[in-house]
Amino acid sequence: MLKPGATIGILGGGQLARMLALAGARIGLKSHVYSPVADDPAFDVCSAHTKADFLDEAALAAFAESVDVVTYEFENVPARTAEVLEAHRPVRPNPKILALTQDRLIEKQFVQSLGVATAPFAEALDAESLARAVAQLGRPSILKTRRFGYDGKGQTKIVEGVDLADALKDLGNAPCILEGFVPFAKEVSVVAARGLDGEFRAYDVCENVHEHHILATTTAPAAISDSTAQTAIDIARRIAEGAGYVGVIAAEMFVVRDGRGERLVVNEIAPRVHNSGHWTLDGAVTSQFEQHMRAIAGMPLGSARRHGKQVVMRNLIGADVDKWAEILAQDGACLHLYGKKAARPGRKMGHVTRVTP
Ligand code: AMP
């Protein structure tokens, strides 16, 4: 177990790293942030930082030597980066999870191997295999690149009339999978933590609304039945245990309602703190960020209990951030700004949380 005063190395310097560093500081952990981007949000709040490329092996080695454990705020950490770091210090979560979550095909196969439902899917490597996949899964369906997709990037809907070769071309002719369209009633996620000793703690299942493919609001708890909520948490536990995971993990799921009631379909796993867990900063006893720092430090996990009746988190995207003064003046609004200079459209600039007592 690391002790207060230890240093956590964080790969990536975005808002997730910033909030990890702030939460770590609260329990006496220092953070050393490693990012190739000079004015990244986390650099403002950490005790040390390295600005270097993720493939700069000398810089990675020096960084690892200066910390006690290494973690990351994004799943697209190159395999070689993790390998170099692991030669010096423990990397948590174990980088094996990166191979699983960087590739939608491998991710879905892993989830299904646990006996958990995903959307039906088929490989689509070229126009021929895509035609076979469409024949199998029908239209509408969703074509997604196997790698490097986020916030709706790297995916396109195959509706009637869409030319399959054009659809592949739109995605840069990258290796893809086709997913059957899931007629979901709502989207939910489970944010949970697994400690170094295997202890598992989940936050309330929360409900997510996306606008233009970007998370707009998260509400906790989700308006789903108690048994569906319990099943969602069990699924997250199976995923975390199946992967031998340490740290905070998020599992995004679709809730499908039909004549037989509610069922869950896993869409995506994030091996990190997650936007749908930001509400825990103001709305839970231990935030997802502190929980992650505790878990990777081998410290006891904190309570994941929610404060209040309901917690709503709204992202401030692009120009939404201009309302900061108005939000600061509102009773009960908890404002978080990420310190980004340019408020480009679609860019996550901050969030605001409101807890209903
Ligand atoms: P993803 O990048 O996989 O998280 O997908 C982004 C969004 O697209 C999801 O949050 C859903 O709203 C929608 N979506 C993705 N996959 C499917 C699917 N198989 N069926 C229906 N909607 C989907």
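Rules of the game
- Residues numbered from 1 in each chain as written.
- Predicted model: local features only at pLDDT ≥ 70, side-chain atom pairs only at ≥ 80, totals over all residues.
- Heavy atoms only, no water.
- Pairing = 2+ DSSP bridges.
- Helix = DSSP H or I, 4+ residues; strand = E, 2+ residues; numbered from the N terminus.
- Axes fitted to C-alpha atoms, helices over the stretch in contact; angles between N-to-C directions.
- Near = heavy atom within 4 Å.
- Polar contact = N/O pair within 3.5 Å; in protein donor to acceptor, adjacent residues only side chain to side chain.
- Areas by Shrake-Rupley, 256 points an atom, 1.4 Å probe, with all protein chains shown as cover.
- Nonpolar A, V, L, I, M, F, W, Y, C, P; charged D, E, K, R; others polar.
- Parallel < 35°, antiparallel > 145°, perpendicular 65-115°, else oblique.
- Left-handed = near helix turned anticlockwise from the far one by under 90°.
- Contact = heavy atoms within 4.5 Å.

## Things to note about the sheet that holds strand β2 (residues 30-35)
If you walk across this open sheet you meet the 4 strands as β3-β2-β1-β4, and the pairing is parallel. Looking along the sheet, the strands with just one partner apiece sit at the ends: β3 (48-51) and β4 (69-72). Between one strand axis and the next, the sheet turns through 20° on average, direction left out of account. For strand β1 (residues 7-11) and β4, the ladder comprises 4 bridges, and the chain directions are parallel. Its bridge partner lying in β4, G9 is registered against V70.

## Observations regarding the site of the ligand
Neighbouring the ligand are 15 residues; K144, Q155, E179, V182 and E187 lie closest to it. For the ligand, a nitrogen atom lies 2.8 Å from a polar atom in the backbone of V182. At a separation of 3.1 Å, an oxygen atom of the ligand approaches a polar side-chain atom of N267. A total of 480 Å² of accessible area belongs to the ligand in isolation, and the protein chains cover 91% of it. Looking at the shell around the ligand, the elements that each hand over two or more residues are β6 (141-145), β8 (176-180) and β14 (261-270). Grouping the constituent residues of the shell around the ligand by class yields 6 nonpolar, 4 polar and 5 charged.

## Concerning the packing of helix α2 (residues 57-65) against helix α3 (residues 79-86)
Two elements in contact, α2 and α3, have axes separated by 9 Å at closest approach and are oriented at 45°. As judged from the angle between their axes, α2 and α3 are oblique. The interaxial crossing formed by α2 with α3 has right-handed handedness. Seen from α2, the contacting residues are E57, L60, A61, F63 and A64; seen from α3, they are R80, T81, V84 and L85.

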